[in-house]
Amino acid sequence: MEISIHRLNVRYRVAGSGGAAARSRPDDFLRGSVLESLEAALEQALADDGSVYVIRQIRSRMSAPLDGLETPDVVRSLGAQMASAVVRTVAGQTRDSEGFVRFPSQADYVASFVAALAGNRAWDQWYYEPFRDVAPLAAAEAIEAVLLRNREHLPAILARLHASGALASVIGVLPEPALGRIWEAAGRTADRGESLRPLFVTAAELIESCGAALHDREADFQAWLETSPATPNWRDAASLTATVASMLRLLAARCGQTFERRDETDALLARLDWLDAAALRAAIGEILELPHFLRAAARQLVSLLQELQLAAPDLPGVEEIAAGCVRSGCHGSDPGDVMLQVARYLRTRGYIDVRRAMPSEAAIRSVLARTPELDADALSSMLAATLAEDRGVPASRLDGATPTQRALLADLCELLRNGSVAIVPGATESNAIRVYAALVSAFPRWAEPNVPAGLVAATLEKFLASAGEQVSAGAGQGFDTPCAGVFLLLRAIMDAQLARFSTTLSYPCAPHPSAALLAALALRWSGDAGVTGGRLDPAILCFAGEGAPETLAALADVWSAPTPDAHLRFAGELLRMLAAHRLMDGSEMRIARVPCGAGTARVASCGRPDLWPLAALDGDNTADLDWRECWRDATGNDPMILPASEPPPGWDAFAGGALGLLEADLAIAAIANSVLRLWARWLRGFDGASAGYLLSKLVRRPGRVWAADRGITVRLARGELDLVLDMAGYTRDLAPLSSLLPRKIRFQWAP
């Protein structure tokens with residue numbers, strides 16, 4: 001409970017012989033200890049009341065002995081007397097309609113003030129006096145300050161503004177940067193995950209004691225948080241045990257192994273005296289049986305699909321389906337529920353052809369009825385919906401979604417269908433704020449403390465893009481391009497600090513070195529599609545930034561200037577960057593000789609063969625020594641030089657998009673591959689994929705680009721690995737950054 005007293009006017013009478021010193025004591029005393037006692041007394045009297053009371057004036061007569069004035073009993077007595085006066089006013093016994101206002105919650109109070117501020121009528125009301133500190137600010141600045149000050153109530157505040165119809169006027173007052181900061185605050189994941197991490201460590205140790213092999217605990221922990229788990233009661237062993245059990249189920253599902261209880265499991269359980277050991281043993285026992293249920297559900301569903309003629313010819317075997325399901329998070333012990341999860345797994349991966357005529361619920365029920373352990377009547381309609389459109393949510397928005405995200409997407413679709421909210425073309429953060437406010441207003445559970453706000457925000461942003469959000473390009477014109485995917489590599493370019501190195505070293509020597517470097521790299525990543533009629537694709541020019549040469553001939557002219565020494569100096573900075581990012585240790589250098597034009601080129605790879613940061617025309621025997629010295633200066637290691645019998649992996653992937661300058665093309669190819677490998681390290685499960693695979697499956701994709709003064713919007717064509725890019729965060733918006741990225745970059749997926 002928070003108490004604010006704007007003005008405390010104390011008048012007191014001292015009876016008896018107190019002396020001058022005693023007369024000065026009550027003022028400080030009442031403003032200190034007694035106010036603390038007042039807060040404690042009101043906390044007890046109004047503990048279950050979340051209302052906000054604004055009272056213009058309260059009079060209270062109190063008496064206390066001057067001797068022993070600061071003793072605890074006297075302090076509590078005075079605080080209780082003041083609290084009694086407040087409670088009487090709240091209860092209406094001395095209600096003054098002009099001096100008493102009640103708001104149902106802090107969110108209602110703040111929403112009311114913000115709406116009044118947007119309507120330029122806030123300071124006419126006395127009950128907004130607690131916000132007087134923002135009065136000197138402009139309306140937009142004051143609204144932002146108050147909203148961010150109340151960030152824990154922000155979802156509810158936005159919902160109240162939406163319900164009252166005042167949200168549009170509030171958004172109209174705020175500039176786009178302020179909207180961005182407010183949306184970031186509304187969608188920020190609560191840090192409660194850190195408080196739950198010790199429980200997760202316990203669960204991980206338990207599952208590992210049963211023989212499980214966890215490869216990435218942090219990823220597992222974040223996956224568990226995404227299931228929107230209930231917040232445990234830290235004083236209740238049963239509640240804590242239930243949380244650990246939910247963690248165990250998810251870990252078992254993600255491992256996809258069979259487990260067995262071992263002696264070390266029992267020893268670990270014996271030490272966990274703060275948990276309910278019996279309940280935890282039962283949970284582990286249930287987990288040990290998990291594969292049985294999955295196999296049974298998969299077997300039943302495969303039989304049903306084949307009878308209904310819905311399965312694709314290449315439907316995998318039962319064991320493979322079960323293993324895939326547990327890796328994707330499928331868990332549970334109820335056969336019907338597990339069957340639904342298996343059906344969803346198969347449908348989202350294309351094993352079920354939903355384009356065929358779907359059977360009726362009656363047909364599904366007749367097949368299910370042959371399996372006694374399944375409730376055919378209850379399961380048939382849910383299974384039909386899962387096989388078709390998964391409760392009305394478009395399938396394109398469900399790939400890789402967790403159960404919580406699926407429920408959230410269903411609610412969002414419902415909002416659009418019933419007209420509660422609409423997507424506004426040209427809006428950015430305001431779209432997210434308006435849709436989020438409508439969502440929380442219609443479905444308050446999405447603002448509850450046990451739902452990760454970051455999960456809701458991320459799902460909402462993806463939903464807005466797939467729902468057809470159109471970001472206005474202002475005066476700029478959109479254009480179709482086969483090279484839209486190169487924008488995905490901007491994050492790696494910023495991580496590598498290529499623009500800074502290029503400018504510092506004047507590499508290449510040109511009025512805009514970084515633009516020329518980025519244009520050359522984008523050409524290699526795009527391949528031959530990057531040039532049409534001798535001109536660079538508009539997407540490459542937009543990607544490279546101001547000053548990029550517009551034709552292949554002009555770009556080649558710029559790159560004809562660097563000498564072998566210039567290439568080597570930049571290669572040294574590249575090596576330092578790779579070592580700093582721990583992509584290489586520098587202990588060995590393998591040099592391969594490969595055909596190049598009429599001669600040969602030498603290519604140096606590090607401990608991992610697919611990373612080859614040095615490439616140049618083959619020269620005299622001292623060239624290897626020059627590389628060795630550069631390598632040693634950059635990494636601090638004197639490498640062992642070893643021969644390689646064949647070109648490094650990915651060498652052929654960069655054949656397209658060359659400038660026709662042998663020395664420059666070799667250096668650019670080495671840089672392009674190094675940045676690609678830096679980019680790939682965050683692609684879960686694909687960090688070791690070949691350069692050719694990464695380029696063909698992820699980077700080389702068409703799309704549409706809108707370029708305007710305020711930002712660039714890149715709408716990418718869909719591919720089979722879009723979820724990988726989303727999980728890596730490579731499709732999130734990029735904020736402006738100095739000269740390299742002066743405009744905001746927004747990514748969208750094509751509908």
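If you're wondering where the values come from, they're calculated on a predicted model, not measured in any experiment. Note on numbering: residues in each chain are counted from 1, in written sequence order. Note on the predicted model: pLDDT of at least 70 is required for a residue's local features to be given, and 80 or more for side-chain atom pairs to be given and counted; whole-chain, interface and lining totals, by contrast, use all residues. Only hydrogens and water are removed before side-chain values are computed, so all heavy atoms of the structure are retained for them.

A few points about the overall build of the protein
Okay, step 1: Helix and strand assignments come from DSSP, with helices taken as H or I runs of at least 4 residues and strands as E runs of at least 2, each series counted from the N terminus. In terms of regular secondary structure, the protein is built from 31 helices and 12 strands.
Okay, step 2: Looking at the protein residue by residue over its 751 residues, the buried ones come to 48%.
Okay, step 3: What makes two residues a contact is simply this: any of their non-hydrogen atoms within 4.5 Å. Pairs at least 24 residues apart make up 71% of the contacts formed inside the protein by residues separated by at least 6 positions.
Okay, step 4: Of the roughly 35200 Å² of accessible surface on the protein, 50% is carried by carbon and sulfur atoms. Type-normalised accessible area, obtained with a 1.4 Å probe on protein chains alone, sets the label of each residue: buried when under 20%, exposed when over 50%, and partly exposed for intermediate values. Note that accessible areas follow from Shrake-Rupley with a 1.4 Å probe, and for residues the cover is restricted to the protein chains shown.

So, the packing of helix 4 (residues 106–118) against helix 6 (residues 154–164)
Okay, step 1: Simply put, an axis is a line fit to the C-alpha atoms, just over the touching stretch for a helix, and the angle between two N-to-C directions goes from 0 to 180 degrees. Orientation of helix 4 relative to helix 6, taken along the N-to-C sense of each, is 55 degrees, at an axis distance of 8 Å. Judged by the inter-axis angle, helix 4 sits oblique to helix 6. Considering only the axes of helix 4 and helix 6, their crossing is right-handed. In this structure, helix 4 contributes Ala-107, Asp-108, Val-110, Ala-111, Val-114 and Ala-115 to the contact, and helix 6 contributes Ala-156, Ile-157, Arg-160 and Leu-161.
Okay, step 2: We call Asp, Glu, Lys and Arg charged. Ala, Val, Leu, Ile, Met, Phe, Trp, Tyr, Cys and Pro are nonpolar, and the rest, Gly among them, are polar. Its residues placed into classes, the contact of helix 4 with helix 6 shows eight nonpolar, no polar and two charged. Working rule for angles: under 35 degrees goes down as roughly parallel, over 145 as roughly antiparallel, 65 to 115 as roughly perpendicular, anything else as oblique. Crossings are sorted by hand: turned counterclockwise from the far helix by less than a right angle, the near helix makes the crossing left-handed, and turned clockwise it makes it right-handed.

Brief notes about the side chain of Thr-265
Okay, step 1: With respect to the element layout, Thr-265 can be found in helix 12 (residues 263–271).
Okay, step 2: Look at Thr-265 and you get buried, because its relative accessible area is 0%.
Okay, step 3: Sequence-distant contacts of Thr-265, that is, excluding residues within four places in its chain, are made with Ser-209, Cys-210 and Ile-284.

Considerations on the sheet that holds strand 9 (residues 640–644)
Okay, step 1: Strand pairing requires that DSSP identify at least two bridges connecting the strands. Taken in spatial order, the four strands line up as 8-7-6-9 in an open sheet, and their pairing is mixed. This sheet does not close on itself; its edge strands, each paired only once, are strand 8 (614–617) and strand 9. Strand-to-strand, the axes of this sheet are offset by a mean angle of 25 degrees, without reference to chain direction.
Okay, step 2: Judged from the four bridges that link them, strand 7 (residues 599–605) and strand 8 form a sheet pairing that is antiparallel. By the bridge assignment for strand 8, Ala-604 is matched with Leu-614.
Okay, step 3: Across the sheet, helix 29 (residues 662–680) is in contact with strand 6 (588–596), strand 7 and strand 8; its angle to strand 8 comes to roughly 170 degrees.

Thoughts on helix 26 (residues 552–559)
Okay, step 1: Leu-555, Ala-556, Val-558 and Trp-559 are the residues of helix 26 that are buried. One side of helix 26 carries all its buried residues, which in axial view fall inside an arc of 155 degrees. Turned more than 90 degrees from where helix 26 packs its buried face, Ala-553 and Asp-557 sit exposed.
Okay, step 2: The inward-facing, buried residues of helix 26 abut helix 24 (513–526), strand 5 (535–536), helix 27 (564–580) and helix 29. Here, the arc refers to the directions that run from the helix axis to the C-beta atoms.

Thoughts on unusual backbone geometry
Okay, step 1: The omega torsion of the bond from Tyr-507 to Pro-508 falls at -5 degrees, within 30 degrees of zero and hence cis.
Okay, step 2: For Pro-508, the location among the structural elements is in the loop between helix 23 (498–505) and helix 24.
Okay, step 3: You will see that Asn-120, though not glycine, has its phi angle at about 60 degrees, which is positive.
Okay, step 4: Position of Asn-120 relative to the elements: it lies in the loop between helix 4 and helix 5 (139–149).

Details of the nonpolar core
Okay, step 1: By nonpolar core is meant a set of buried Ala, Val, Leu, Ile, Met, Phe, Trp, Tyr and Cys residues that side-chain atoms within 4.5 Å join together. Counting 98 residues, the largest nonpolar core has Phe-487, Trp-525, Trp-559, Phe-654, Leu-676, Trp-679 and Leu-683 as the members making the most contacts within it.
Okay, step 2: Broken down by element, the residue count for this core peaks at 13 residues, all from helix 29.
Okay, step 3: In contact with Phe-487, other than residues within four places in its own chain, are Ala-539, Cys-542, Phe-543, Val-705, Ile-712, Val-714 and Phe-747.

Remarks on the confidence of the model for the protein
Okay, step 1: As a per-residue measure, pLDDT tells how confident the predictor is, with possible values from 0 to 100. When the pLDDT values of the protein are averaged, the result is 78; 73% of them are 70 or greater.
Okay, step 2: Here residues 19–24 scores under 50 on pLDDT; set against residues more than four positions off or in separate chains, the count is four contacts.
Okay, step 3: Long-range and interchain partners of residues 389–400, a stretch whose pLDDT sits below 50, account for 32 contacts in this model, where long-range means more than four residues apart.

Notes on the pairing of strand 3 (residues 478–481)
Okay, step 1: Side chains Phe-479 and Thr-481 of strand 3 all project onto a buried face; the interleaved residues Gly-478 and Asp-480 project onto a face where none is buried.
Okay, step 2: Sheet topology places strand 3 next to strand 10 (residues 703–707); four bridges connect them, and they run antiparallel. The partner of Thr-481 across the bridge, within strand 10, is Gly-703.

As for the pattern of salt bridges
Okay, step 1: Each salt bridge in this description consists of a side-chain nitrogen of Lys or Arg and a carboxyl oxygen of Asp or Glu lying within 4 Å of one another. Evaluated as defined, the whole model comprises 21 salt bridges.
Okay, step 2: One salt bridge in this structure joins Arg-217 and Glu-208, with 2.9 Å as the shortest N-O distance.
Okay, step 3: Using a relative accessible area of 33% as the deciding quantity, one classes Arg-217 as partly exposed.
Okay, step 4: Residue Arg-677 pairs with Asp-610 through a salt bridge whose shortest N-O separation is 3.4 Å. Separated by 67 residues along the polypeptide, Arg-677 in helix 29 and Asp-610 in the loop between strand 7 and strand 8 bring together distant segments of the chain.
Okay, step 5: Arg-677 gets classed as buried once you look at its relative accessible area, which sits at 2%.
Okay, step 6: Its relative accessible area of 13% is what places Asp-610 among the buried residues.

Quick notes on the sheet that holds strand 3
Okay, step 1: Pairing within the open sheet is mixed, and its four strands lie in the order 3-10-11-12. Both outer strands of the open sheet, strand 3 and strand 12 (744–749), are each paired with one neighbouring strand and no more. Across the sheet, the mean angle from the axis of one strand to that of its neighbour is 20 degrees, orientation sign disregarded.
Okay, step 2: Pairing analysis gives six bridges linking strand 11 (residues 711–716) to strand 12, with the strands arranged parallel. Looking at the pairing, Val-714 lines up with Phe-747 of strand 12.

With respect to the environment of Arg-500
Okay, step 1: Here Arg-500 shows up in helix 23.
Okay, step 2: Under the relative-accessibility criterion, Arg-500 is labelled partly exposed at 47%.
Okay, step 3: For the pair formed by Arg-500 and Ser-514, sequence separation is 14 residues and the distance between their alpha carbons is 7.7 Å.
Okay, step 4: Here Gln-497 takes part through its side chain, which lies 2.7 Å from a polar atom of the side chain of Arg-500. Between N or O atoms, a polar contact is any pair within 3.5 Å; within protein, one atom must be a potential hydrogen donor and the other a potential acceptor, and residues adjacent in sequence are included only when both atoms are from side chains.

Things to note about a negative patch on the surface
Okay, step 1: Each patch is built from residues lacking any salt bridge and having more than 30% relative accessible area; the joining distance is 9 Å for like charges and 5 Å for nonpolar side chains (Val, Leu, Ile, Met, Phe, Trp, Tyr). Working convention for charge: Lys and Arg count positive, Asp and Glu count negative, and His plus the chain ends are omitted. Working definition for charges: the position is that of NZ of Lys, CZ of Arg, CG of Asp or CD of Glu. Together, Asp-565, Asp-626, Glu-629 and Asp-633 make up a negatively charged patch on the protein surface.
Okay, step 2: Ranked by the residues each element gives to the negative patch, the list is headed by helix 28 (residues 623–635), at three residues.
Okay, step 3: With respect to the helices and strands, the residue Asp-626 is situated in helix 28.

Here we look at the packing of aromatic side chains
Okay, step 1: Ring pairs are drawn from Phe, Tyr and Trp, using the six-membered ring of Trp, whenever the two centres fall within 6.5 Å, and their geometry is named by plane angle: stacked under 30 degrees, edge-to-face over 60, tilted for the rest. What the rule picks out here adds up to 20 aromatic pairs.
Okay, step 2: Taken together, the ring pairs connect Phe-103, Tyr-109, Phe-113, Trp-123, Trp-126, Tyr-127, Tyr-128 and Phe-131 into an aromatic cluster.
Okay, step 3: The side chain of Arg-602 reaches across the aromatic face of Trp-627, ending 3.8 Å from its centre. Counted as over-ring charges are cases with an Arg CZ or a Lys NZ within 6 Å of the ring centre that also lie within 35 degrees of the ring normal.

Remarks on the environment of Asp-557
Okay, step 1: With respect to the helices and strands, Asp-557 occurs in helix 26.
Okay, step 2: For Asp-557, a relative accessible area of 56% gives the class exposed.
Okay, step 3: In this structure the C-alpha to C-alpha distance between Asp-557 and Ala-510, which are 47 residues apart in sequence, comes to 10.0 Å.

Describing the environment of Arg-434
Okay, step 1: In this fold, Arg-434 is placed in helix 20 (residues 429–442).
Okay, step 2: Along the chain, Arg-434 and His-162 lie 272 residues apart, while their C-alpha atoms are 7.5 Å from each other.

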